[in-house]
Each structure stands twice: as C-alpha cells, then as structure tokens.
Amino acid sequence: MPPSSCRRLFVRLLSIALLLASGHATLADDWPQWMGPQRDGVWREAGVAAALPEGGAPVQWRVDVAYGYAGPAVAGGRVYLFDYKVESGEVANLPSRRDRLTGAERLTCYDAATGELIWRQDYACEYAVSYGGGPRCTPTIAGDHVYTLGAEGDLVCRQLGDGALVWRKNFKQEYGAETPIWGHSAHPLVAGDLVFCVAGGEGSVAVACNRLTGQEVWRNLSAGEPGYCPPTMITHAGAQQLLIWHPESLNSLDPATGAVNWTLPARPAYGMSIMAPQKLGDRLFISAIGNLAVMMRLTGDSNGVEVLWSGGAKRGLRAVNATPLFAPAPAGGDAVLYGVDCETSALMAVSVDNGRRLWTTKRPTIGDARGRHGTAFLVRHEPTGGYFLFNEGGDLISARLTPGGYEETGRQHLLAPTSSSFGRPVVWSHPAFAQQCVFARNDKELVCVNLSE
C-alpha cells in the first residue's frame, strides 16, 4: 500500500477509535440538506462544546474544491459537495450583469472522517447568471439518493453509493423557464415520495415530481419570475401545507395535488423572495429587501392566514441571504425572532408580538464597517441553547442570544472569503453541522473542524 494510502487509513481508523472511546459513536447526527434534518436551523446532536475553545477547535481536514455557494450535506459518514469547475469566462460578481462561463457542475462525495475522495460525477454546463461563482443549492439526501439543482436549472437525482445517474431534467427544456438573473437558488425539498421544486415558466413555478423516477406529478402557479425561496413544508390544523413564495405572493398549496389553499400578496424589491417562511405555533414570518417584513397568524382551519403586523424601516427585520430563526419563548417571556437585516447588516432580535427591535449589533456580521447585505448564518444548538454563526468573513462564532442581548463566547477563523459583493470579500455558504463537527466551504476549500466536548 502506498505511504499516502497508509496515512489516510490510519487517520480514518484513529477517528473511529476516538469516537468509540468517547462513547459518542452512536450519537452522530446527519445534516442531509440545507439548514439541517428538519430545515429549521437547529442542531440537535449531543457531545458538542458549548463554546469555541480559546485557541480554536482542531481542524480535522481540508480538501481543495471549486466555485460554489451550495453548502455541504452530510449523511452516513459521507460529505456531499456541489461545485462548479470554470473552464472559460470571468466571475465578475456584479449584481446586474450575467457572467458568461463554460465549465462543469460537479457533485463530489468525501469521507466525513478523513476528507478522502470517494467519488465525483459531473456534467458540462454553460452559465449566464450574475454572481456566477457556482451552484447555489445544497444537495438534498433522501433514502439512497442525492438530489442537486444547478444554477441553470438542472435537477439531477443520483445514487448515494457511487453517484450513478438515476434521472435528470432541465427546467428550461421542460417548462420554458428562464433562468433567474442570480441563478436557480431554491433548494429542492423531498417529502414522502415527492421532490418539490421552484422551476418557473407559465403554470409551473411550483413542480412536484416522483422522487424515484422524476416523473411529474403536478405543476401550478404562474409569476413573472420564480424567485429564490425554497419550497417549505409546514403542518397546521392537522394538515400539511406546501409554501411557495414567488416575487408576487406567498402561496399555500396542497402538497399532494398542488391545489391552492390561500394566497397573500408579498412583493419584495428586485424579485428577491429568498428566505424560507418560518413558523412558530400559529405564527408565520417572511421578510425581504424593500422594507418587507410580515408576521402572520394561521387561522383555525388549513385555508387561511391573517396579517398581525408588517415591518418598515424601523420595525421587524429584512432578511435576504440568511433565513432568520424563531427562538422558543423564555419562561414568562415573549417569543423572539433572530436574524440579519439586509439594509443595516446588523444581527437583531425582534419581538414576535409586535416587530419591535429589542437589540441590534454588527459585531458578528461586518463589525465596524459600513455596507448592506452583511451576512451571518445562524444555527441554534438545542442541547446547550447556544448558537453557532458562520459569517461572511469566514469566521465561526459561538454565542448566546437572548431577548436581552448578544454575548459572543468564542470566534475562530475557518476560511478566507474568496468571493466578493459590493466591494467586500465574502463567503456566502451555509455550513453543515454533523458528527460533532462543522463542515464549511468557500470557492477553494472544504474544511472539517471538530466541535466535540
């Protein structure tokens, strides 16, 4: 066996031995899709440190990757990363100009313990999107399959074991869907036997397909453009509702048939419906650039919604790149929404009852700098009640968020910001939290950092 192979085998066996010795081998959680197993930004795994240690958590491995905003997905001891290998053209990162690129979209599978390459599959793809640095959608893993949606609308299903192609369809060819200027960004949702997507085209903004065959089950909704908001499944009054927010309205659909339950007009600026609608009890929240922030109440049956309050320049928050999170109400207190406001770049706490801002801080986003669209991705660690934030500067932050304020408990630089926006260097990719580790990527590296106690 070559020396390099011996070293990789030793590292893998050592990692397994350490897990067994710690007693946490059976407790490792997966992160099989965007925002985690339940798409709620909550990490439920035990054995994780409450705060980053002084001097930083140990880096387990790093591997070279190509362009991409798509976050990693982790399942069954493997990491799946979707990226774009540029062959020609320039990634200019200008908000109003489409980059013209040639290259290949690639799905790569790595060993989660060592970073060793297991398999890679790709296909040629020409880009004509603004911010052309790679695909946006995190791989979605369900059963024995992994689903990817490329920036130009290629929906692909592959076998987990070796990446073999199961089925593929293209939104332009099947639905006449023009690629949005910032690329297809709505992470596919798998629920039951169906995979739900935001496609575009007349009568096909929302599409449901059989997840095993790719055969269309239903399509519905029309809009001038599809937007970027992922399909979101909620349960209310004993029934599931599929939420589709395109740049004209928020829509509740019957997931089995695509029939519309209710529609609420909600028009963000620049067609930027991006954040996934968030639900807490009977409350539902959406927000976007253009001073759009709406807190709703789902009515007693499954067919209605009413607006409780709407935001403005000084109420609520306007989320764009990072979906905000509801926090459970503390004893004797009110529920709070935490998120980053795109206009001020500040992380803030907002009262669920009336939209009042309880506090704001730019410390975890852009610090003392000025600028819009500052970004930090929030994940709540349920066992400790703390939060992990991954900001656009490539820093991982541990913090306590309460209605009373923001308390930073640790910070570690993981990755260099290899992209840019509005003159700032940024890394805009939601990390994965699994196996007591964080997995984060930029346009050059994928890194695994051990966060165990």
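Things to note about the overall build of the chain
Working step 1: Along the backbone of the chain there are two helices and 36 strands.
Working step 2: The C-alpha radius of gyration of the chain comes to 21 Å, within 12% of the 22 Å expected for a compact globule of 453 residues.
Working step 3: With respect to the three principal axes, the spread of C-alpha positions in the chain is 65 × 50 × 45 Å.
Working step 4: Within the span of the chain, comprising 453 residues, buried residues form 57% of the whole.
Working step 5: Accessible area of the chain: about 17,300 Å², with a carbon and sulfur share of 49%.
Working step 6: Between the averaged position of the 39 positive side-chain charges in the chain and that of its 43 negative side-chain charges there is a distance of 4 Å.

Here's the deal with the nonpolar core
Working step 1: Counting 34 residues, the largest nonpolar core has Leu414, Phe433, Phe439 and Leu451 as the members making the most contacts within it.
Working step 2: Leave out the neighbours within four places in its chain, and phenylalanine 433 touches Asp30, Trp31, Trp43, Val379, Phe388, Leu396, Val438 and Leu451.
Working step 3: With 29 residues, the next largest nonpolar core counts Ile234, Met275, Ala293 and Leu317 among its residues.

Observations concerning the pattern of salt bridges
Working step 1: All told, the structure shown has 21 salt bridges when counted by the stated rule.
Working step 2: Of the charged contacts, one joins lysine 172 and glutamate 152 as a salt bridge, the two residues approaching to 2.9 Å between their closest N and O atoms. Separated by 20 residues along the polypeptide, lysine 172 in helix α2 (residues 171-175) and glutamate 152 in the loop between β9 (145-149) and β10 (154-159) bring together distant segments of the chain.
Working step 3: Close ionic contact of aspartate 353 with arginine 283 constitutes a salt bridge, the shortest N to O distance being 3.7 Å. Residue aspartate 353 is located in the loop between β26 (347-351) and β27 (357-361), and its partner arginine 283 is located in strand β21 (residues 283-288); the two are separated by 70 residues in the primary sequence.
Working step 4: Each of Arg363, Asp395, Glu408 and Arg411 takes part in salt bridges that share partners, so that together they form one network.

A few points about the packing of aromatic side chains
Working step 1: For the structure on display, the rule yields 15 aromatic pairs.
Working step 2: For the pair tyrosine 338 and tryptophan 359, a centre-to-centre distance of 6.0 Å together with 35° between the ring planes defines the contact as tilted. Taken together, the positions of tyrosine 338 in strand β25 (residues 336-340) and tryptophan 359 in strand β27 put the pair 21 residues apart, joining distant regions of the chain. Here tyrosine 338 matches tryptophan 359 in class, with each residue buried.

With respect to the sheet that holds β21
Working step 1: The strand order across the open sheet formed by four strands is β20-β21-β22-β23, and the pairing between neighbours is antiparallel. Only two strands of the sheet have a single partner each, and these edge strands are β20 (278-280) and β23 (305-310). Here the strands of the sheet are splayed against their neighbours by 25° on average, with no regard to which way each runs.

Here we look at the pairing of β10
Working step 1: Of all six residues that make up β10, five are buried, and the element is covered over most of its length.
Working step 2: Both β9 and β10 contribute to a ladder of five bridges, which runs antiparallel. The residue bridging tyrosine 147 from the neighbouring strand is cysteine 157, located in β10.
Working step 3: What sits between β9 and β10 in their antiparallel hairpin is a turn of four residues, with glycine 153 showing a positive phi close to 90°.
Working step 4: Bridge count for β10 against strand β11 (residues 165-170) is five bridges, and the pairing is antiparallel. Looking across to β11, one finds that valine 156 is bridged to arginine 168.
Working step 5: Taking the residues that link successive antiparallel strands as the turn, the β10-β11 hairpin has five residues, and the phi of glycine 163 there is positive, at about 80°.

Quick word on the side chain of arginine 39
Working step 1: Examined against the element boundaries, arginine 39 turns out to sit in the loop between α1 (3-22) and β1 (42-43).
Working step 2: Buried within the structure, arginine 39 lacks any salt-bridge partner; its nearest side chain of opposite charge belongs to aspartate 40, at an N-O separation of 9.6 Å.
Working step 3: From its side chain, arginine 39 meets the backbone oxygen of histidine 187 in a polar contact 3.4 Å long.
Working step 4: When neighbours within four sequence positions are excluded, arginine 39 is seen to be in contact with Gln33, Trp34, Thr140, His187, Pro188, Leu189, Pro230 and Pro231.

Re the environment of glycine 355
Working step 1: Tracing the backbone through its elements, the reader meets glycine 355 in the loop between β26 and β27.
Working step 2: In this structure glycine 355 comes out as buried when scored by relative accessible area, which is 0%.
Working step 3: Residues glycine 355 and threonine 138, 217 residues apart in the sequence, show an inter-C-alpha distance of 31 Å.
Working step 4: Once residues lying within four places of it in the same chain are set aside, the contact partners of glycine 355 are Trp309, Arg315, Gly316 and Val350.

Scoring rules and cut-offs
Residues numbered from 1 in each chain as written. Predicted model: local features only at pLDDT ≥ 70, side-chain atom pairs only at ≥ 80, totals over all residues. Heavy atoms only, no water. Helix = DSSP H or I, 4+ residues; strand = E, 2+ residues; numbered from the N terminus. Rg over C-alpha atoms; globule rule 2.2 N^0.38 Å. Buried < 20%, exposed > 50% of the residue type's maximum accessible area, 1.4 Å probe, protein only. Areas by Shrake-Rupley, 256 points an atom, 1.4 Å probe, with all protein chains shown as cover. Lys, Arg positive; Asp, Glu negative; His and termini not counted. Charge placed at Lys NZ, Arg CZ, Asp CG, Glu CD. Core = buried A, V, L, I, M, F, W, Y, C linked by side-chain atoms within 4.5 Å. Contact = heavy atoms within 4.5 Å. Salt bridge = Lys/Arg side-chain N within 4 Å of Asp/Glu carboxyl O. Phe/Tyr/Trp six-rings, centres within 6.5 Å; stacked < 30°, edge-to-face > 60°. Pairing = 2+ DSSP bridges. Axes fitted to C-alpha atoms, helices over the stretch in contact; angles between N-to-C directions. Polar contact = N/O pair within 3.5 Å; in protein donor to acceptor, adjacent residues only side chain to side chain.

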